[in-house]
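Listed below are the residues making up each chain.
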Amino acid sequence: MTAQPKKQPRRRPAPSALPPPPPSAFRQPGALRRANVVNLPDGYRAAVEPPVTSDGFLDGDFVMDSQVFLCWLADYYRDDIVSLRLVVRMMGMQKPGGAVQATQVRLAELLGVRQSQISRSLKEAGRIGLVARVKPGVYQLHPRLSLKGGRVPVEPEPGMKTQGTMKVDQLALLDDIADNPNLPEVFRELRELPDPAEKPPREDKVRAQTRRARKTKDGTS
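A brief structural summary. Keep in mind it's a predicted model, so treat the numbers as computed, not measured. (Residues numbered from 1 in each chain as written. Predicted model: local features only at pLDDT ≥ 70, side-chain atom pairs only at ≥ 80, totals over all residues. Heavy atoms only, no water.)

### Let's talk about the overall build of the chain
Scanning the chain for helices and strands turns up 7 helices and 7 strands. Start at the N end of the chain and walk to the C end: the helices and strands fall as β-α-α-β-α-α-β-β-β-β-β-α-α-α. Among the 221 residues that make up the chain, the fraction classed as buried is 26%. For the chain, the share of sequence-separated contacts (at least 6 apart) that also reach a separation of at least 24 residues comes to 60%. For the chain, the accessible area works out to roughly 17,700 Å², and carbon and sulfur atoms hold 54% of it. (Helix = DSSP H or I, 4+ residues; strand = E, 2+ residues; numbered from the N terminus. Buried < 20%, exposed > 50% of the residue type's maximum accessible area, 1.4 Å probe, protein only. Contact = heavy atoms within 4.5 Å. Areas by Shrake-Rupley, 256 points an atom, 1.4 Å probe, with all protein chains shown as cover.)

### Examining the sheet that holds strand β4 (residues 138–141)
Strand order across the open sheet formed by 3 strands is β2-β4-β3, with antiparallel pairing between neighbours. Sheet topology places β2 (99–101) and β3 (131–135) at the edges, where each strand pairs with a single neighbour. Averaged over all adjacent pairs, the angle separating strand axes in this sheet is 30°, with direction ignored. Bridge count between β2 and β4: 3 bridges; the pairing is antiparallel. (Pairing = 2+ DSSP bridges. Axes fitted to C-alpha atoms, helices over the stretch in contact; angles between N-to-C directions.)

### Looking at the side chain of S83
Position of S83 relative to the elements: it lies in helix α2 (residues 81–93). Only 2.7 Å separates the side chain of S83 from the side chain of D80, close enough to count as a polar contact. If near-sequence neighbours (up to four positions away) are discounted, S83 is found in contact with Y77, R120 and S121. (Polar contact = N/O pair within 3.5 Å; in protein donor to acceptor, adjacent residues only side chain to side chain.)

### Some remarks on the packing of α2 against helix α3 (residues 104–111)
Where α2 meets α3, the closest approach of the two axes is 11 Å, and the angle between their N-to-C directions is 105°. The pairing of α2 with α3 is recorded here as roughly perpendicular in orientation. Contacts between α2 and α3 pair V82, R85, L86, R89 and M93 from the former with L107, L110 and L111 from the latter. Partitioning the contact of α2 with α3 into residue classes produces 6 nonpolar, no polar and 2 charged. (Parallel < 35°, antiparallel > 145°, perpendicular 65-115°, else oblique. Nonpolar A, V, L, I, M, F, W, Y, C, P; charged D, E, K, R; others polar.)

### Some words on a negative patch on the surface
Taken together, the side chains of D169, D175, D176 and D179 make up a negatively charged region of the molecular surface. Mapped onto the elements, D169 comes out in the loop between β7 (164–167) and α5 (170–178). (Patch = residues over 30% accessible without salt bridge, like charges linked within 9 Å, V, L, I, M, F, W, Y side chains within 5 Å. Salt bridge = Lys/Arg side-chain N within 4 Å of Asp/Glu carboxyl O. Lys, Arg positive; Asp, Glu negative; His and termini not counted. Charge placed at Lys NZ, Arg CZ, Asp CG, Glu CD.)

### Some points on the pattern of salt bridges
On inspection of all chains with the given rule, the structure shows 4 salt bridges. A salt bridge links R120 to D80, with the nearest nitrogen and oxygen atoms 3.1 Å apart. With R120 in helix α4 (residues 115–128) and D80 in the loop between α1 (67–76) and α2, the pair connects residues that are 40 residues apart, well separated along the chain. Across the pair E124 and R127 runs a salt bridge, and its minimum N-O distance is 2.9 Å. Here E124 pairs with R127, and both are found in helix α4, just 3 residues apart, close to one helical turn.

### Describing the packing of aromatic side chains
Any two aromatic rings considered together are summarised by their centre-to-centre distance and by the angle between their planes. The tally for this structure, following the rule as stated, stands at 4 aromatic pairs. Between F69 and W72, the ring centres sit 6.1 Å apart and the planes meet at 20°, which makes this aromatic pair stacked. Note that F69 and W72 are positioned in helix α1 at a spacing of 3 residues, about one turn of the helix. For the residue pair F69 and W72, the accessibility class agrees, reading buried in each case. (Phe/Tyr/Trp six-rings, centres within 6.5 Å; stacked < 30°, edge-to-face > 60°.)

Pasting the structure below:
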């Protein structure tokens, strides 16, 4: 009996190669050049975001405001239109970092009121902690309430010929304010605003109402 040759086992076809991964910007030639690699300290992470522009705002400028603060302004100054206008005006004319460069005379001219009214309103705003006087003609808005971003000048370091700048950082600015003994305590420690419902009536309005009541009484007696 003639021996039959053994049949070779049937081999399964090799699986087709996996499809290539979808194209990615990170797989492009030169995508991971050394110039694009940033080494972060341990425990830190970074996010890549597109540049932020402000072309949609009038004149290209904008500020960041607390929504709670805006609502509080409308409620707290419901009977004090001069103070309301003053604070809003200062919010709009602040420089990067929250500085407002204007004298009381200039603010009175802008609002069309007497300087004494500006002085009274600034005193009230300072008592609450909304604003602090840094030096004559310079006031600081509290960065918890309103803040304009951008770059601010910094004192040149030894050996530097020109003055440098740094980007406004709200947390760093708050730390600087908390550590500045020259600023009022109420400004340095501002965490909340007084309840508008508990606001006492203005003294000048109380006096005016008292005078009117006396005149009415004298006219009817």
